[in-house]
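# Working through the structure, step by step
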Amino acid sequence: MRLHVPTLYRKIYAAAAMCMAFMMCVPEAEAQVDAQFTQYFEVPAYYNAGAIGNTDYLRIRGGSRMQWVGIPKAPKTFLAAADMPLKLLGKRVGVGLLVQQESMGLYRNFQIGAQAAYKFKLLKGELSIGLQLGMIDEGFKGSQVVLPDDDDYHQGSDEGIPTNDVHGTSLDIGLGVFYTHRLFWAGLSVTHLNEPSITMTADGSESREYEFKAGRVLYFMAGSNIPIKNTLFEIQPSVMVKSDFTFTVAEATARVRYNKFLTAGLGYRYNDAVSLILGAEYKDFFIGYSYDYSISEISKASNGSHEIWAGYKLKLDLGEKNKHRHKNIRIM
């Protein structure tokens, strides 16, 4: 029995298969492997290792993004991140850890990174220089590839597409600077600084090798927290621009927070989507949700994208003597 799908779906699948084959078979081909998060301001350390330890809290964030809901095997991403400040030899530093897993069709991406940042005072603010060292693992389920040879969008026998499950790993390096001030914050960073080249093969096999190269991506982020005088409201604008030196994407967000409790806002990603953003904070807990409505052609096949985050923060005492007890979660 042959599965029939709408023409747009077929074009999407064909394009994805061709892109994957191209990325793995052409030695100089590059691909972006960073996930796209609408609530980038909640996990800046994912894009910039310098954004860790910039508060007096141990911060934990976990979230998931379901992109282009309605399209089978559309991208799904999970991220967990934690960071905290430390005193080392009398100097303030930050440490962090993140783990990301993403699936898109037959493609799988897994990343893990350890982060460290050195901090010093600058112009009534704090400048943080961060380094991330980690591992990137790329995989492709070639055993599930089905390419019919009797339509206009597929070639049934393409040696460039694996017919076995393949994967490979490589060292991954990121670098970033992040500045915080009472009036604003801003950061500039590069992910995949070493442009890791990953050789993908089938486990226990000496079959054909496929090359995957994660290209460098440059990020700029900035934002502010503006109290509205004589009210409990704050305005929180932010922007992010990312570029792989071939394509550039910019997005802007405007949020309003009430009484440091409820947050609502809108976002716009150039030529891609508009977003609704909601959030709530209670004591040391946080939850956030966003919905993206596509404004590109993909809206004809997708019901939009959903993203949800949850977090917890724990106040730390960085003095030599701990005079305060730390509040923590009790698991009953």
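Now for a look at the structure at hand. Please read all numbers here as calculations on a predicted model, not as lab measurements.

## A word on the overall build of the protein chain
The helix and strand tally for the protein chain stands at two helices and 17 strands. Buried residues in the protein chain amount to 43% of all 332 residues. Here the contacts in the protein chain between residues at least 6 apart in sequence split such that 56% fall between residues at least 24 apart.

## Things to note about the nonpolar core
One finds Phe37, Tyr46, Tyr47 and Leu79 to be the most contacted residues of the largest nonpolar core, which totals 23 residues. Of all elements in the fold, only helix H2 (44-47), strand E2 (76-88) and strand E10 (217-224) reach the threshold of two or more residues within this core. Each residue touching phenylalanine 37, except ones within four places of it in the same chain, is listed here: Val43, Tyr46, Tyr47, Arg65, Thr77, Leu79, Glu251, Arg269, Glu307 and Trp309. Listed in part, the 13 residues of the second largest apolar core include Leu106, Tyr107, Val166 and Ile198.

## Focus on the pairing of strand E6 (residues 165-180)
Judged from the 16 bridges that link them, strand E5 (residues 125-141) and E6 form a sheet pairing that is antiparallel. Bridge pairing in E6 links glycine 130 to glycine 176. As defined by bridge partners, E6 adjoins strand E7 (residues 184-191) across six bridges and the pair is classed as antiparallel. Bridge assignment links leucine 175 to a residue of E7, and that residue is valine 190. Counted along the chain from E6 to the antiparallel partner E7, the turn is three residues long.

## Topic: the environment of glutamate 234
Tracing the backbone through its elements, the reader meets glutamate 234 in strand E12 (residues 233-243). Leave out the neighbours within four places in its chain, and glutamate 234 touches Asn225, Ile226, Pro227, Ile228, Arg255, Val256, Arg257 and Lys260.

## Thoughts on the packing of aromatic side chains
Here the structure, examined in full by the defined rule, presents eleven aromatic pairs. Where tyrosine 47 meets tyrosine 219, the ring centres are 4.9 Å apart and the plane angle is 50°; that geometry is what we call tilted. Taken as a pair, tyrosine 47 in helix H2 and tyrosine 219 in strand E10 lie far apart in primary sequence, 172 residues in all. Exposure class is identical for tyrosine 47 and tyrosine 219. Each is buried. For the ring pair tyrosine 118 and phenylalanine 120, a centre distance of 6.0 Å and an interplane angle of 40° mean the geometry is tilted. Assessed through its relative accessible area of 39%, tyrosine 118 is described here as partly exposed.

## Some remarks on the environment of tyrosine 46
With respect to the element layout, tyrosine 46 can be found in helix H2. Each C-alpha atom of the pair tyrosine 46 and glutamine 132 lies 9.9 Å from the other, and the pair is 86 residues apart in sequence. Setting aside anything within four residues of it in sequence, one finds tyrosine 46 in contact with Val33, Asp34, Ala35, Phe37, Leu79, Leu98, Gln100 and Gln111. There is a polar contact of 2.3 Å between the side chain of tyrosine 46 and the side chain of glutamine 100.

## A word on the pattern of salt bridges
One pass over the structure, following the stated rule, counts 17 salt bridges. Of the charged contacts in the structure, one is a salt bridge between arginine 216 and glutamate 195, with a shortest N-O distance of 3.4 Å. Of this pair, arginine 216 sits in the loop between strand E9 (210-213) and E10 while glutamate 195 sits in the loop between E7 and strand E8 (197-200), and the two are 21 residues apart along the sequence. Since its relative accessible area comes to 16%, glutamate 195 is described here as buried. Ionic pairing is found between arginine 269 and aspartate 272, a salt bridge with its closest N-O pair at 2.9 Å. In this structure, a network of salt bridges that share partners links the residues Arg65, Glu251, Arg269, Asp272, Asp292 and Glu307.

Procedures and definitions
Residues numbered from 1 in each chain as written. Predicted model: local features only at pLDDT ≥ 70, side-chain atom pairs only at ≥ 80, totals over all residues. Heavy atoms only, no water. Helix = DSSP H or I, 4+ residues; strand = E, 2+ residues; numbered from the N terminus. Buried < 20%, exposed > 50% of the residue type's maximum accessible area, 1.4 Å probe, protein only. Contact = heavy atoms within 4.5 Å. Core = buried A, V, L, I, M, F, W, Y, C linked by side-chain atoms within 4.5 Å. Pairing = 2+ DSSP bridges. Phe/Tyr/Trp six-rings, centres within 6.5 Å; stacked < 30°, edge-to-face > 60°. Polar contact = N/O pair within 3.5 Å; in protein donor to acceptor, adjacent residues only side chain to side chain. Salt bridge = Lys/Arg side-chain N within 4 Å of Asp/Glu carboxyl O.

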